[in-house]
Protein chains: 2
Amino acid sequence: MFRTKTCGELNINNVGETVTLAGWVQTVRKFGAITFVDLRDRYGITQLLFGEDLNKDLEANPLGREFVLQATGTVTERSNKNKNIPTGEIEIILSSFKILNKSEVPPFKIEDDTDGGDDLRMKYRFLDLRRNAVKRNLELRYAVGRSSRNYLHENNFMDIETPFLIKSTPEGARDFVVPSRMNPGQFYALPQSPQTFKQLLMVSGYDRYYQIVKCFRDEDLRADRQPEFTQIDCEMCFVEQEDILSMFEGLVKRIFKDVKGIDYNESVERMSWEEAMWQFGNDKPDIRFGMQLCNLKFPAHTFSTKANISALIAANFAVFNEAETVIAIAVPGCSEYTRKQTDELTEWVKRPQIGMKGMVFIKCNADGTYKSSVDKFYNEQQLKAIADAAGAKAGDLVLILAGAEERTRKATSELRLEMGKRMGMRKENEFKLLWVLDFPLFEYAEEDNRWVARHHPFTSPKPSDIDTMISNNPAIENAAEYLKHPYANIKANAYDMVLNGNEIGGGSIRIFQRELQEKMFEALGMDAEEQQHKFGFLLGAFEYGAPPHGGIAFGFDRLCSILGGSESIRDFIAFPKNNSGRDVMIDAPSTIDAKQFDELQIKLDLK
Amino acid sequence: MFRTKTCGELNINNVGETVTLAGWVQTVRKFGAITFVDLRDRYGITQLLFGEDLNKDLEANPLGREFVLQATGTVTERSNKNKNIPTGEIEIILSSFKILNKSEVPPFKIEDDTDGGDDLRMKYRFLDLRRNAVKRNLELRYAVGRSSRNYLHENNFMDIETPFLIKSTPEGARDFVVPSRMNPGQFYALPQSPQTFKQLLMVSGYDRYYQIVKCFRDEDLRADRQPEFTQIDCEMCFVEQEDILSMFEGLVKRIFKDVKGIDYNESVERMSWEEAMWQFGNDKPDIRFGMQLCNLKFPAHTFSTKANISALIAANFAVFNEAETVIAIAVPGCSEYTRKQTDELTEWVKRPQIGMKGMVFIKCNADGTYKSSVDKFYNEQQLKAIADAAGAKAGDLVLILAGAEERTRKATSELRLEMGKRMGMRKENEFKLLWVLDFPLFEYAEEDNRWVARHHPFTSPKPSDIDTMISNNPAIENAAEYLKHPYANIKANAYDMVLNGNEIGGGSIRIFQRELQEKMFEALGMDAEEQQHKFGFLLGAFEYGAPPHGGIAFGFDRLCSILGGSESIRDFIAFPKNNSGRDVMIDAPSTIDAKQFDELQIKLDLK
């Protein structure tokens, strides 16, 4: 061993001990004949003192930042104590040292506040990983994994590995494929998730399965997506939705406790998908704050069911009359916004990412009067009615967007989140969990005039909807009226777990009957032959005693990033890829040899 | 929840309780008006009693093997107790039941002793997994993983995930490659191991890393190899070989304790590679028994250094004289083997797998006389000298093989293992660990007249051999005399852990100096450009303060199979592939769509 102690463990109780440390040189400070070095390892930083007697050695072997140093000496109480770090009361007066390896000057500072840009830090990721900020993230990730494993173990779950070289069955996302040398012309696919395998394990009777496992999706990468990502993947049999919800809110609460020291004792809120869409404009609402959406054209669906003002809204103002949807939010305490502030908000909603044409506001003044950008069209009493419908109180600012249904809903949802952020209502250290339930089973795919599975093709309809599904023909005769098809109203036995406005996990009770699974595949446009080719093994398995089962998968990278208070999952992955799917450090992907093409019996076909 | 209890937990203490169970029908036995059903789940088997009152229901809903059943009733003491199972003292007198799913008649028996052949069981792997024998294997696998994680956690190791989509750097084995859609013409490779990434983590200062991780090798599959396999992968920094040995024999001892209840208190034996080769004829000796090899031509290298009989061996018998090598083993207590038995052994060594031309034997009779198959060439005193050299005692049988060096050594090693097995010296419940040390760093590759790394290109030479390596030109001028090249004698700072004759883990202290790493790559025939293209990131990392480090990887599948007492790793993998790399259950690999080729910009090039 090159050391007897780490750089994080020595303190005033060790004074007098002779120790050997090994680590990296963080700083070198020379004061006349003596030199101070901060030595860093995974566990902390310890101050070394090179006395006059070592001067000659030091001159012969000068130290630089990030040199790897082995140093032996005596633990001594410091005169100039640093109370900010656990080792701050001592220093090591050295008797000898050895440079184990030198270092070039690093291209950026190995400090919390680094001067390295993103690209540089990705290229030298092995240096970036030395920074405390990144190390804390990976430690948190390990702690989340460890906590999950412990909880699941205590609850009788078994970690069972599923294969990585599987079969390509492109459904939602694109598969990464792997040419098989031993089976020329054929390909494996990397799993988008272990979905069918975990279901087979249920058929096999392994009633509580889990895995923390890499999954792969060959999709165009958005800012915060990775081609390979990690799931906490779980499945149970002989359970109903309620059992899954209670087991896995238990898991997340345990993680809160183990990793953040938070006792999350309250019960986890629940909301139907429809409620979430009406009240928050999206299916993963941040419920750390209210400011719910009020749809002024369909107020019956919103929290404020008393006021029916759709007629009023439409009557006086052509823009509102013509708009498919008009949605308001009441921002608390902002009635005194200046013209400049409301103008800036109007510009904000007009940005291409939001895409609205304008914004209407009503100031609910503290004195009970109302002032709006639509005073021409509504008198004060009418403004009050609208503000009341939006749930505004004196002192609030009502913001109203109008336009096409989906865009307006999304825009208002974004506006709500933005205002929540500006008002400090999205506190970093507050965690609010939410189950979103009762999703539609299907979505309508216009291009193919057919249904697609909103979650995935293995999700079961609600028990009460099974008959509807079995007894109706999934074909859509009249594309314009797809909403009238009985399938449009089938609800899924599915659930998402939302944390602070982020989906951290999702799952469903699965189909376990062959007939229903075939009907589902049929609805998705797969004929019998294609069903057999792609999922014959699963349909076959359902004939040999498949139990009722269901499960959930958590996005491990995302969960860690939220717990770590970051927007970016990349900060929580040791070796992430960039937006083009490249690892710029190792320079992958890259070309391969002619011999490899030859053995795999493939060639390039570049456009 | 479909059940209130599992099929494994009810016993005499639960008598009187009303319970609901769910599981699979193992057997149905009808006795007049009553029916007994054994219901099975992951936890056990419980007997259900369907009384007369349920007869009508049963007739309307007949049960069959592997039906999924939910059953409610009262726990009752059995008159006819089964002491072999924990639930054998009770049965459930049912009040109601529900068939949750039916089953076709399974294609083979779901029992320990199944009538299903290998192919059938692989095709219906989801049924095979229901068998107790297979379930026990997966449970053992989970226990080994859990025990490893706990030990490593307690020793400050951190589980850090490394990427799966990396760069193709074919060295030893072939890479599986993955075409990149976003980077047309370029490919990722699946990792053969996380080797370079774990080394980078050491450079980053994560001084104790581990991962239980899938690795991939596209090699022609032998009986017991899988294209994807799992490693317990570990790395430490600021350590020397001794630290690694002690840390990881600790790991294996902990696994013995946790998984098998075995206190492995003795210290783990150690042997140099050379010793292993001379005394056991291979580098992973089974040391549960002795029967060491005695090389009669080079007896100085063997355990019996006193007798120098090489001259005697060569003088009298032309076959021995002409043979490159003559090796003997003394099989204890077999001097009374019949002619039939020695003939059979001779046939055994002549099989193509062993490939010898014949076998010589000497019977060391209990009365002190000697009888051999070479009585023509050696007198009794000479036979005694040979037998003594082989370490034989009265009552033993000395077996001697002669021929070309490598083949004869391998054959004698096989013969030793075979005799050990026949003599019951390879006890299934005895576990003997061994470290094999001091491997050669290089092997000679005849076809390219260059060196190849015996372990891998990142393994460090012994500290005392570093100068030899740096100061000599690795080029081999005279192919015939490669053994005289200084590189031929360089020893590696490498170690293998052997359990009962199987290599379960291996690792090394790594090179951490750029100059030495470049020299290694050069020795392997890589010019500067190729080094930069393939491993530029690692060479670069070594310039920024790389610490001394080393590690080890255990073959998880193999370790589990040995602990489970099986020869086959397949039995310990939930969804293994067959010898052609196929998953016959899901039928993978398979063809992919034209659209996928198009997007990936590749096409087939079938020969």
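Residues numbered from 1 in each chain as written. Chains lettered and ligands numbered in written order. Predicted model: local features only at pLDDT ≥ 70, side-chain atom pairs only at ≥ 80, totals over all residues. Heavy atoms only, no water.

A word on the environment of A:Pro486
All names here are of chain A. Filter applied, for reference: Helix and strand assignments follow DSSP, with helices taken as H or I runs no shorter than four residues and strands as E runs no shorter than two, numbered in order from the N terminus. Contacts: residue pairs with any heavy atoms within 4.5 Å of one another.
Counting through the fold element by element, Pro486 comes out in the loop between α13 (466-471) and β20 (494-499). Taking the C-alpha atoms as reference, Pro486 lies 9.1 Å from Asn473; in sequence the two are 13 residues apart. With residues up to four places along the chain from it excluded, the contact list for Pro486 reads Thr468 and Asn472.

Brief notes about empty space enclosed by the protein
Our working definition: Site definitions follow a grid-based scheme: protein atoms alone, a 1 Å grid, a 1.4 Å probe that fits but cannot get out for cavities, and for pockets an open set with protein on both sides within 12 Å along at least five of seven lines, plus lining residues having an atom within 4 Å of a point. Grid points are joined across faces, edges and corners, and a volume is the space filled by probe spheres set on the points. The nonpolar class holds Ala, Val, Leu, Ile, Met, Phe, Trp, Tyr, Cys and Pro. Asp, Glu, Lys and Arg form the charged class, and all remaining residues, Gly among them, are polar.
Per the stated rule, a full pass over the model turns up seven cavities of 30 Å³ or more. Lining of the largest cavity is provided by 44 residues; of these, A:Arg149, A:Glu161, A:Ile212, B:Arg149 and B:Ile212 occupy positions nearest its centre. Of all the secondary structure elements, the ones that give two or more residues to the lining of the largest cavity are α4 (132-154) and β9 (208-216) of chain A together with α4 (132-154), β9 (208-216), β10 (228-237) and α16 (556-563) of chain B. The element best represented in the lining of the largest cavity is α4(B), accounting for six residues. Each residue belonging to the lining of the largest cavity can be placed in one class, and the counts come to 21 nonpolar, eight polar and 15 charged. Taken as a whole, the second largest cavity spans an internal volume of roughly 100 Å³. Surrounding the second largest cavity, 15 residues form its lining, A:Lys214, A:Glu228, A:Ile573, A:Phe575 and B:Pro163 being those nearest its centre. Of all the elements, strand β10 (residues 228-237) of chain A adds the most residues to the lining of the second largest cavity, at three residues. Taken together, the residues of the lining of the second largest cavity sort by class into six nonpolar, three polar and six charged.

Quick notes on helix α14 (residues 514-523) of chain A
The condition is simple: For each residue, the accessible area found with a 1.4 Å probe, counting protein chains only, is set against the maximum for its type, and the residue is called buried under 20%, exposed over 50%, and partly exposed in between.
Looking only at α14(A), the buried set comprises A:Leu516, A:Gln517, A:Lys519, A:Met520, A:Phe521 and A:Ala523. Backbone geometry just after α14(A) places A:Gly525 at a positive phi near 85 degrees.

Quick notes on the interface of chain A and chain B
You'll often see interface size given as the accessible area lost when the parts meet. Applicable threshold: Each of two parts loses accessible area, computed with a 1.4 Å probe, when they are put together; buried area is these two losses added. Here a salt bridge means any side-chain nitrogen of Lys or Arg lying within 4 Å of a carboxyl oxygen belonging to Asp or Glu. Two strands pair under a simple rule: DSSP has to find at least two bridges between them.
With 130 residues of chain A in contact, the opposing surface of chain B contributes 130 residues. Across the interface of chain A and chain B, roughly 11,900 Å² is buried in total on both sides, 58% from carbon and sulfur atoms. Connecting chain A to chain B are 14 salt bridges. The shortest N-O distance in the salt bridge between B:Arg42 and A:Asp207 comes to 2.9 Å. Per-element tally for the side of chain A that touches chain B: the top contributor is α4(A), with 10 residues. In the side of chain A that touches chain B, the residues fall into 68 nonpolar, 25 polar and 37 charged. Pairing between strand β23 (residues 602-604) of chain A and strand β23 (residues 602-604) of chain B: three bridges, direction antiparallel. Within β23(B), the position partnered with A:Ile602 by the bridge is B:Leu604.

Topic: the packing of aromatic side chains
To keep things clear, this is the line we draw: Pairing of aromatic rings covers Phe, Tyr and the six-membered ring of Trp, with a centre-to-centre limit of 6.5 Å; geometry is then stacked below 30 degrees between planes, edge-to-face above 60, and tilted otherwise.
On inspection of all chains with the given rule, the structure shows 60 aromatic pairs over all chains. Considering the side-chain rings of A:Tyr124 and B:Tyr544, the 5.7 Å spacing of their centres and the 75 degrees angle between planes classify their relative orientation as edge-to-face. Within this pair, whereas A:Tyr124 is found in the loop between α2 (118-123) and α3 (125-128), its partner B:Tyr544 is found in the loop between α15 (528-541) and β22 (549-555), the two belonging to separate chains. Plain terms: the ring middles of A:Tyr188 and B:Phe176 are 6.1 Å apart, the flat faces sit at 85 degrees to each other, and that makes the pair edge-to-face. In this pair, A:Tyr188 sits in strand β8 (residues 187-189) while B:Phe176 sits in the loop between β6 (158-159) and β7 (177-179), so the two residues belong to two different chains.

Digging into the domain arrangement of chain A
To be explicit about the condition: Throughout the structure description, domain borders are defined by an automatic or database domain assignment.
When the domains of chain A are assigned, the result is domain 1 (12-101), domain 2 (133-266 + 554-596), domain 3 (289-426) and domain 4 (440-491 + 513-543). The centre of domain 1 of chain A, based on its C-alpha atoms, is set 62 Å off from the matching centre of domain 3 of chain A.

Observations regarding the relation of the copies chain A and chain B
Applied cut-off: The superposition of copies rests on a least-squares fit of C-alpha positions from residues with pLDDT of 70 or more in both.
For these two chains of identical sequence, chain A goes onto chain B by a turn of 180 degrees and a shift of 0.0 Å along the axis, with RMSD 0.0 Å. Both copies of the chain, as the preceding transformation shows, are related through a two-fold rotation axis.

Brief notes about the sheet that holds strand β16 (residues 397-403) of chain A
One key point about sheets: their strands pair by backbone hydrogen bonds, in either a parallel or an antiparallel sense. All names here are of chain A. Strand order in the open sheet formed by five strands is β12-β13-β16-β14-β15, and the pairing between neighbours is antiparallel. Only two strands of the sheet have a single partner each, and these edge strands are β12 (294-295) and β15 (370-372). As paired elements, strand β14 (residues 360-364) and β15 share three bridges and run antiparallel to each other. Counted as the bridge partner of Lys363 is Lys371 from β15.

Looking at the pairing of strand β3 (residues 44-50) of chain A
Residues and elements named next belong to chain A. Counted residue by residue, β3 has six buried out of seven residues, so it is predominantly covered. Counting the residues between successive antiparallel strands, the hairpin from strand β2 (residues 34-41) to β3 contains two residues. Relative to strand β5 (residues 90-101), β3 runs parallel, the two sharing two bridges. By the bridge assignment, Leu49 is partnered in β5 with Ile93.

A word on the side chain of B:Asp283
Residue and element names in this part refer to chain B. Heads up, the rule is: Pairs of N or O atoms within 3.5 Å make up the polar contacts considered here, provided that, within protein, one atom can donate a hydrogen while the other can accept it, and that residues adjacent in sequence are counted only when both atoms are side-chain atoms.
Assignment of secondary structure puts Asp283 in the loop between α7 (273-280) and β12 (294-295). Here the side chain of Asp283 touches Arg454 through a polar contact of 2.7 Å, side chain to side chain. Excluding its chain neighbours within four sequence positions, the residues that come into contact with Asp283 are Trp273, Ala276, Met277, Val436, Phe439, Arg454 and Val498.

Re the environment of A:Met122
Residues and elements named next belong to chain A. Considering the arrangement of structural elements, one finds Met122 in helix α2. Residues Met122 and His533, 411 residues apart in the sequence, show an inter-C-alpha distance of 42 Å. Apart from residues no more than four positions distant in its own chain, Met122 is found in contact with Pro576, Lys577, Val584 and Met585.

As for the side chain of A:Asn295
Take A:Asn295: it is sitting in strand β12. Looking at A:Asn295, its side chain comes within polar contact range of the main-chain nitrogen of A:Lys297, at 3.1 Å.

A look at the packing of α4(B) against helix α6 (residues 241-260) of chain B
Residue and element names in this part refer to chain B. Test applied: A fitted line through C-alpha atoms serves as each axis, taken over the contacting stretch for helices, and the angle formed by two N-to-C directions is quoted from 0 to 180°. In these notes the angle categories are as follows: under 35 degrees is roughly parallel, over 145 is roughly antiparallel, 65 to 115 is roughly perpendicular, and the rest is oblique. Two helices that cross are described as forming a left-handed crossing if the nearer one is turned anticlockwise from the farther one by less than a right angle, and a right-handed crossing if clockwise.
Two elements in contact, α4 and α6, have axes whose closest approach is 9 Å; the angle formed by their N-to-C orientations is 135 degrees. When the axis of α4 is compared with that of α6, the two are oblique. Considering only the axes of α4 and α6, their crossing is right-handed. Packed against α4, whose contacting residues are Leu140, Ala143, Val144, Ser147, Ser148, Asn150, Tyr151, Leu152 and Glu154, the element α6 presents Ser246, Met247, Phe248, Gly250, Leu251, Arg254, Ile255, Asp258 and Val259 at the interface.

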